[in-house]
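Survey of secondary and tertiary structure
If you want the building blocks of each chain, they are given just below.
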Amino acid sequence: MIYRHFNAPARAFSQFSHDIIRHPRLSSDAVRLLTWQLSLPRGARESLSRTAERARIGACAFGRAKRELKEEGFLHERRVQGAGGRWMTQQVLSSCPLTAGEAAKLLACTPVASPQVAPGPRKPAVGRPTSPPTGGHPKKDPQEDTSDLPPQADAVEESPRLEEARALVGALPVLSPALRHVPPGMRDELTRLAARWLDTGHTPAEVHERIRRGLPGDGTPVHRPGGLVRYLLRDVPPRPLPTPRTSGETVSARLRGTRECTGDHTQATLFRPVADETLCSACATSAGERRATFEPPAAFPTVPTS
């Protein structure tokens, strides 16, 4: 059981309807914001944000409370343009819900005040007025601190593979559907990057393979195909040189010591001889069998006569 004791204040009090205090759709911050504003004296110009600051209502809670008051009809606001072309927000807060038409009538009766703020005194600059310096060259080379330099036309014309690189970039939509929307403004930049790969010794097939390996899989969409190709071609890896072969080494190590069989074969057959034989084991076995079958005996037996 709860016992309640209430002393009616003799001064500094406000009368509120129980519908506000017990409203089922207003949070405690919204009720506190509304009752605080309604308790202010007539003519007070305290804003809702200042009330929330004094009531220690955070920014997120203030936005939620203000939205609840608007949805329930306790708060209405509009944007008007005052004297001098300055825009301001007018708000009307009521102790009972109002419709949009009722709030518009109340706001129409409110004069639009646009106080002109007089500029404050300005402090003069120190020293005598001087004209800005013109001409001359910067003391430092901007290339030292600039990471994104504009393209140089001279470097583009020096590449002898420029036309081949331009054709390589033009074939990107055929390489993958994800590269169909490369911006036309990036084609010159991509052409210069592809020309660097070709000048290093890479083939167009190797450049396409580099781009194909860098594309995302599983049907992932590419939102900036030009930027992706620029990232993939930015660094040019050195092309590996072929391993030189010595003049005396004509066969691989696996075939070293083998000899081609001189027997009857459809294709060349290699075998590893033990001595100086010229036939493989299969041909040598077949030749031995043929000699044992067709070779005549060395001497005929003597038949006695009577």
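Here the structure is a predicted model, which is why all the values come from computation and not from measurement.

Our next topic: the overall build of the chain. Along the backbone of the chain there are 12 helices and four strands. Scored against the burial criterion, the 306 residues of the chain give a buried share of 23%. For the chain, the proportion of contacts with a sequence separation of at least 24, taken over those separated by at least 6, is 47%. A total of about 24,400 Å² of accessible surface is found on the chain, and carbon and sulfur atoms cover 54% of it.

Right, let's talk about the confidence of the model for the chain for a bit. When pLDDT is averaged along the chain, the result is 78; 76% of the residues meet or exceed 70. When the criterion is pLDDT under 50, residues 152-156 qualifies, and its contacts beyond four places in sequence or with other chains add up to three contacts.

Attention now moves to the pattern of salt bridges. Proximity of charged atoms lets side chains of opposite charge pair with each other. Summed over the entire model, instances satisfying the criterion amount to eight salt bridges. For K70, the salt bridge goes to E77, with nearest N and O atoms at 2.4 Å. Between R166 and E163 there is a salt bridge whose closest N-O contact spans 3.0 Å. Within this pair, R166 and its partner E163 are both found in helix 7 (residues 162-170), separated by three residues, close to a single helical turn.

It is worth spelling out unusual backbone geometry at this point. A positive phi angle, near 55 degrees, is found at A12, a position not held by glycine. Along the chain, A12 turns up in the segment before helix 1 (18-21). By relative accessible area, A12 is classed as exposed at 73%. Notably, R56 is not glycine yet its phi reads approximately 60 degrees, a positive angle. Its location among the elements puts R56 in the loop between helix 3 (48-54) and helix 4 (59-71).

We now examine the pairing of strand 2 (residues 87-93). By the alternation rule, side chains of strand 2 split into M88, Q90 and V92, which are all buried, and W87, T89, Q91 and L93, of which none is buried. Count of turn residues in the strand 1 (residues 75-81)/strand 2 antiparallel hairpin: five residues, of which G84 carries a positive phi of about 80 degrees.

A separate point is the packing of helix 10 (residues 204-214) against helix 11 (residues 225-232). At their nearest, the axes of helix 10 and helix 11 sit 10 Å apart, and the two run at 120 degrees to each other. It follows from the interaxial angle that helix 10 and helix 11 lie oblique. For the element pair helix 10 and helix 11, the recorded crossing hand is right-handed. Seen from helix 10, the contacting residues are R210, I211 and G214; seen from helix 11, they are L228, V229 and L232. For the contact of helix 10 with helix 11, the residue count by class is four nonpolar, one polar and one charged.

What counts, and at which threshold
- Residues numbered from 1 in each chain as written.
- Predicted model: local features only at pLDDT ≥ 70, side-chain atom pairs only at ≥ 80, totals over all residues.
- Heavy atoms only, no water.
- Helix = DSSP H or I, 4+ residues; strand = E, 2+ residues; numbered from the N terminus.
- Buried < 20%, exposed > 50% of the residue type's maximum accessible area, 1.4 Å probe, protein only.
- Contact = heavy atoms within 4.5 Å.
- Areas by Shrake-Rupley, 256 points an atom, 1.4 Å probe, with all protein chains shown as cover.
- pLDDT = per-residue confidence, 0-100.
- Salt bridge = Lys/Arg side-chain N within 4 Å of Asp/Glu carboxyl O.
- Pairing = 2+ DSSP bridges.
- Axes fitted to C-alpha atoms, helices over the stretch in contact; angles between N-to-C directions.
- Parallel < 35°, antiparallel > 145°, perpendicular 65-115°, else oblique.
- Left-handed = near helix turned anticlockwise from the far one by under 90°.
- Nonpolar A, V, L, I, M, F, W, Y, C, P; charged D, E, K, R; others polar.

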